[in-house]
Amino acid sequence: MSTDTPAPSRKAQIDALLLKLPGVSARTIKGLDAYFVSDKMFACISGGGIGLRLPAATATELQFSRDNVVPFQPGGMASTREWIQINRAEAADYEQDLELFRASLEFVKGGRTR
């Protein structure tokens, strides 16, 4: 059995969750599978998790209140205050974070940036 099999199915599960949100599109940017709304990235798959852009206060709160939330550092890049990563062993479990994905989408779509 190939070790490459889980990655596509994981991405397919995440696609199924995020692409059903209004106005969301997907594309690859700098080697990462990313999700956009109004041509702005709000989430992307990185390693064992999904990076998500949220208001800095929300991102900080989540990092301290949940053990599966860490600073988002794709490829070892420096993290920013607005980006977090949610790690889940099973892609289907991201359904539990749907409200956070919606909040991220609205935050990015609204143009509220640093």
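Structure: above.
Residues numbered from 1 in each chain as written. Predicted model: local features only at pLDDT ≥ 70, side-chain atom pairs only at ≥ 80, totals over all residues. Heavy atoms only, no water.

**Section: the overall build of the protein**
Reasoning step 1: A count of helical and extended segments in the protein gives three helices and six strands.
Reasoning step 2: Looking at the protein as a whole, 39% of its 114 residues qualify as buried.
Reasoning step 3: Counted over contacts in the protein with a minimum sequence separation of 6, partners at least 24 positions apart contribute 52%.
Reasoning step 4: Accessible surface computed for the protein: about 6500 Å², of which carbon and sulfur atoms make up 54%. (Helix = DSSP H or I, 4+ residues; strand = E, 2+ residues; numbered from the N terminus. Buried < 20%, exposed > 50% of the residue type's maximum accessible area, 1.4 Å probe, protein only. Contact = heavy atoms within 4.5 Å. Areas by Shrake-Rupley, 256 points an atom, 1.4 Å probe, with all protein chains shown as cover.)

**Topic: the pairing of strand β6 (residues 83–87)**
Reasoning step 1: Buried residues dominate β6, accounting for four of its five residues.
Reasoning step 2: Where strand β4 (residues 49–53) and β6 come together, five bridges link them in antiparallel fashion. The residue bridging L52 from the neighbouring strand is I84, located in β6.
Reasoning step 3: Looking at chain direction, strand β5 (residues 69–71) and β6 are connected through three bridges and run antiparallel. (Pairing = 2+ DSSP bridges.)

**Some points on the packing of aromatic side chains**
Reasoning step 1: Tallied over the full model, the rule gives two aromatic pairs.
Reasoning step 2: Lying across the ring of F36, R27 places its NZ or CZ 3.7 Å from the centre. (Phe/Tyr/Trp six-rings, centres within 6.5 Å; stacked < 30°, edge-to-face > 60°. Lys NZ or Arg CZ within 6 Å of the ring centre and 35° of its normal.)

**As for the nonpolar core**
Reasoning step 1: Core analysis: the largest hydrophobic core is formed by 26 residues, its most contacted members being I14, L18, Y35, F42, L52, I84 and F101.
Reasoning step 2: Broken down by element, this core gets its largest block of residues, six residues, from helix α3 (residues 98–109).
Reasoning step 3: When near neighbours in sequence (up to four residues on either side) are disregarded, L18 contacts V24, Y35, A43 and F101.
Reasoning step 4: Residues A34, C44, F72 and W83 belong to the second largest nonpolar core, which totals five residues. (Core = buried A, V, L, I, M, F, W, Y, C linked by side-chain atoms within 4.5 Å.)

**Some points on helix α2 (residues 56–65)**
Reasoning step 1: Residues of α2 that are buried: A56, A59 and L62. Projected down its long axis, α2 shows its buried positions confined to an angular sector of 130 degrees, all on one face. Relative to its buried face, α2 has exposed residues pointing more than 90 degrees away, namely A57, E61 and F64.
Reasoning step 2: Along its buried surface, α2 packs onto β5, β6 and α3. (Arc of directions from axis to C-beta.)

**As for the side chain of R10**
Reasoning step 1: Along the polypeptide, R10 turns up in helix α1 (residues 6–18).
Reasoning step 2: A distance of 2.9 Å separates a polar side-chain atom of R10 from the backbone oxygen of R88.
Reasoning step 3: Beyond its immediate chain neighbours, meaning those up to four positions away, R10 contacts G48, G49, R88, A89, E90, A91 and Y94. (Polar contact = N/O pair within 3.5 Å; in protein donor to acceptor, adjacent residues only side chain to side chain.)

**Concerning the pairing of strand β2 (residues 32–37)**
Reasoning step 1: Two strands pair when backbone bridges link them, and strand β1 (residues 24–29) and β2 are joined in this way by six bridges, in the antiparallel orientation. Bridging across to β2, S25 finds its partner in F36.
Reasoning step 2: Between β1 and β2, which pair antiparallel and follow one another directly, the connecting turn spans two residues, one of which, K30, has a positive phi of 50 degrees.
Reasoning step 3: Once β2 ends, the chain turns through two residues before running back antiparallel as strand β3 (residues 40–46), passing S38 with a positive phi of about 50 degrees.

**Comments concerning the environment of V24**
Reasoning step 1: Secondary-structure assignment places V24 in strand β1.
Reasoning step 2: Judged by its relative accessible area of 12%, V24 is buried.
Reasoning step 3: Separated by 17 residues in sequence, V24 and M41 have C-alpha atoms that sit 9.5 Å apart.
Reasoning step 4: With near-sequence residues (within four places) excluded, V24 lies in contact with L18, L19, Y35, F36, F42 and L105.

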